Amino acid sequence: MLILAIESSCDETAAAVVEERKILSSVINTQVEEHKKYGGVVPEVASRRHCENISQVVKKALEDAGKTYSDINAVAVTFAPGLIGALLVGVNFAKGLALSLNVPLIPVHHLRSHIAANYIDNEELKPPFLCLTVSGGNSIITDVSDYTDFKVIGQTRDDAAGECFDKAARAMGLPYPGGINLDKIAKTADTVKYPLPRPKVEGSEYDFSFSGLKTAVINLIHNSSQKGEEVDIPVLAATLRQRVCDMLISNTLKAAEELDRETIVLAGGVSANSELRARMKSECEKRGIKLYYPELKYCGDNAAMVGVQAFYEYRSGNIADSKLNATAKLPIDYRK
Ligand code: KG4
């Protein structure tokens with residue numbers, strides 16, 4: 001089954017041609033340079049660029065795959081969650097395309113597709129597993145009992161891990177997107193020099209909180225500048241990264257132990273973080289847990305992962321009609 005997948009939930013216009021888990025093409029048009037000027041994504045600019053780029057991106061995905069529109073058996077699209085104006089561009093394009101080709105339209109949840117990025121190149125990976133999904137807008141631990149069956153075990157009570165990295169990086173004077181640049185310049189952590197808090201969440205042992213850490217970094221930088229003291233940015237960056245990873249890793253391992261899961265999967269933009277990948281790998285090895293994380297090129301937003309998840313959504317009967325709408329917020333365990 002050949003699926004043409006479309007992704008436009010944030011600042012990447014992407015299209016891919018996918019056959020089950022096999023990626024025939026994956027095209028990503030990123031707007032990162034444009035949003036860099038503003039230090040973050042400007043939603044209206046993102047929507048306008050999607051409008052301008054989507055036809056060419058889809059055309060290129062077909063060309064790269066060596067296919068034509070008549071070869072396509074279904075059209076898949078990210079419909080939630082994300083920036084509403086950005087999502088609407090992809091959803092409307094996909095609806096028109098599915099209608100004109102007379103093929104099914106498959107709606108895909110953005111976080112489900114991030115998880116599916118792990119199925120690419122990992123033939124043996126299949127549910128059940130526990131997944132830590134960490135991106136710019138979400139940080140959740142999910143029990144994945146089947147390809148379309150998700151249960152949220154823990155989540156952030158405030159900011160996402162990516163948001164914490166991005167805002168702290170901006171205060172450090174690092175260019176957008178902050179998370180990746182903070183990861184690049186981070187040296188050795190020093191929690192004595194920079195005693196950042198260890199946030200605790202009342203009520204659920206698997207939930208996260210990142211806003212206190214973000215505020216602590218911003219306040220530390222402002223206070224130092226008022227006193228005329230220099231901040232060692234590479235050390236502060238490493239200290240923040242360590243604190244964020246401590247929370248992500250310990251909650252995920254606790255949940256895996258409690259649920260008796262033998263496989264852990266990382267997903268989302270922050271799963272590209274070098275410390276998260278390295279420490280999670282060594283902790284999982286110690287416990288005999290199998291760990292998967294996506295190839296770096298599939299950690300950020302792309303349409304290949306949308307196409308892969310779409311195959312499983314289609315198999316479970318999740319097919320949309322011409323009433324499909326975009327949704328800014330939707331839990332991963334939504335039911336149709
Ligand atoms: O999944 P994604 O591409 O978009 C969303 O759906 O949010 O995630 C983007 C987030 C941004 O916050 C970005 O700074 C962060 O992922 N990110 C990283 C790294 N690479 C990307 N955060 C920490 N370390 C990285 N290496």
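Residue numbers restart at each chain and count upward from 1, following the sequence in its written direction. Local features in this predicted model are restricted to residues whose pLDDT is 70 or higher, and side-chain atom pairs enter the listing and the counts only when it is 80 or higher, whereas totals over whole chains, interfaces and linings include all residues. Side-chain metrics rest on all non-hydrogen atoms present in the structure, leaving aside hydrogens and water.

Participant: Any chance you could explain the overall build of the chain here in plain terms?
Facilitator: For helices the rule is a DSSP run of H or I covering at least 4 residues; for strands it is a run of E covering at least 2, with both sets numbered from the N terminus onward. A tally of helices and strands in the chain yields ten helices and ten strands. We compute the radius of gyration over the C-alpha atoms and compare it with the globule rule, which gives 2.2 Å times the number of residues raised to the power 0.38. A compact globule built from 336 residues would reach a C-alpha radius of gyration of about 20 Å, and the chain, at 20 Å, matches this within 12%. Throughout, exposure labels follow a simple rule: accessible area from a 1.4 Å probe, protein chains only, divided by the maximum for the residue type, with under 20% read as buried, over 50% as exposed, and the rest as partly exposed. Going through the 336 residues of the chain one by one, you find that 54% of them count as buried. We call two residues in contact whenever any of their non-hydrogen atoms come within 4.5 Å of each other. Restricting the contact set of the chain to residue pairs at least 6 apart, pairs at least 24 apart contribute 74%. Counting only carbon and sulfur atoms, one obtains 48% of the accessible surface of the chain, whose full area is about 14,700 Å². For the chain, the distance from the average position of its 39 positive side-chain charges to the average position of its 43 negative side-chain charges is 1 Å. The Shrake-Rupley method, run with a 1.4 Å probe, gives the accessible areas here. Residue values count only the displayed protein chains as cover. In this tally, Lys and Arg are treated as positive and Asp and Glu as negative; His is ignored, and so are the chain termini. Working definition for charges: the position is that of NZ of Lys, CZ of Arg, CG of Asp or CD of Glu.

Participant: Teacher, can you tell me more about the layout of surface pockets here?
Facilitator: The gaps left among the atoms become clear once a water-sized probe is rolled over them. A volume near 280 Å³ is recorded for the second largest pocket. A cavity, in this analysis, means grid points on a 1 Å lattice covering only the protein atoms where a 1.4 Å probe fits yet has no way out; a pocket is instead an open set bounded by protein on both sides within 12 Å along at least five of seven lines, and a residue lines either one if it has an atom within 4 Å of a point. Taken together, 14 residues form the lining of the second largest pocket, with P199, K200, M247, S250 and N251 sitting closest to its centre. Looking at the lining of the second largest pocket residue by residue, the class counts come to four nonpolar, three polar and seven charged. Grid points are joined across faces, edges and corners, and a volume is the space filled by probe spheres set on the points. Classification used: nonpolar for Ala, Val, Leu, Ile, Met, Phe, Trp, Tyr, Cys and Pro, charged for Asp, Glu, Lys and Arg, polar for all others including Gly.

Participant: Hey, could you run me through the pattern of salt bridges in this one?
Facilitator: Two side chains bearing opposite charge may form a pair once their charged atoms approach each other closely. Counted as salt bridges are all cases of a side-chain nitrogen of Lys or Arg within 4 Å of a carboxyl oxygen of Asp or Glu. A full pass over the atoms with the stated rule returns 23 salt bridges. For the salt bridge of R261 with D143, the shortest nitrogen-to-oxygen distance reads 2.7 Å. Separated by 118 residues along the polypeptide, R261 in the loop between α8 (233–259) and β9 (263–267) and D143 in strand β7 (residues 139–146) bring together distant segments of the chain. Overall, D143 belongs to the buried group, its relative accessible area being 10%.

Participant: Help me understand the site of the ligand, please; the structure alone is not making it clear to me.
Facilitator: Residues are labelled near a given molecule or strand when at least one of their non-hydrogen atoms is within 4 Å of it. As a structural note, the neighbourhood of the ligand is formed by 18 residues, with G136, D166, D183, G269 and N273 the closest of them. Contacts described as polar in this section are N or O atom pairs within 3.5 Å, which, within protein, must combine one atom able to donate a hydrogen with one able to accept it, while residues neighboring in sequence count only if both atoms come from side chains. Within the backbone of G269, a nitrogen or oxygen atom sits 2.9 Å from an oxygen atom of the ligand. When the ligand is considered free in solution it has 550 Å² of accessible area, and contact with the protein chains removes 86% of it. Listed by contribution, the elements that provide at least two residues to the shell around the ligand are α4 (110–116), α5 (161–171) and α6 (178–185).

Participant: Please explain the packing of α8 against helix α9 (residues 274–287) as it appears in this structure.
Facilitator: The axes of two packed helices give the description: the angle between them and the distance between them. It is the contact of α8 with α9, at a shortest axis distance of 10 Å, that shows an interaxial angle of 35°. Seen from above, α8 lies across α9 with right-handed handedness. Contact with α8, carried on its side by R241, Q242, C245, D246, L248, I249, T252 and L253, involves S274, E275, L276, R279, M280, E283, C284 and R287 of α9 and no other residues of that element. Of the residues in the contact of α8 with α9, the class split is seven nonpolar, three polar and six charged. Fitted lines through C-alpha atoms serve as axes, helices being fitted only where they are in contact, and the angles separating the N-to-C directions of these axes extend from 0 to 180 degrees. Each crossing is labelled by how the near helix is turned from the far one, with a counterclockwise turn of less than a right angle marking it left-handed and a clockwise turn marking it right-handed.

Participant: Got a minute to help me understand the environment of V42 in this structure?
Facilitator: Tracing the backbone through its elements, the reader meets V42 in the loop between α1 (32–36) and α2 (43–65). The spacing of V42 and D11 is 31 residues in sequence and 8.8 Å in space, taken between C-alpha atoms.

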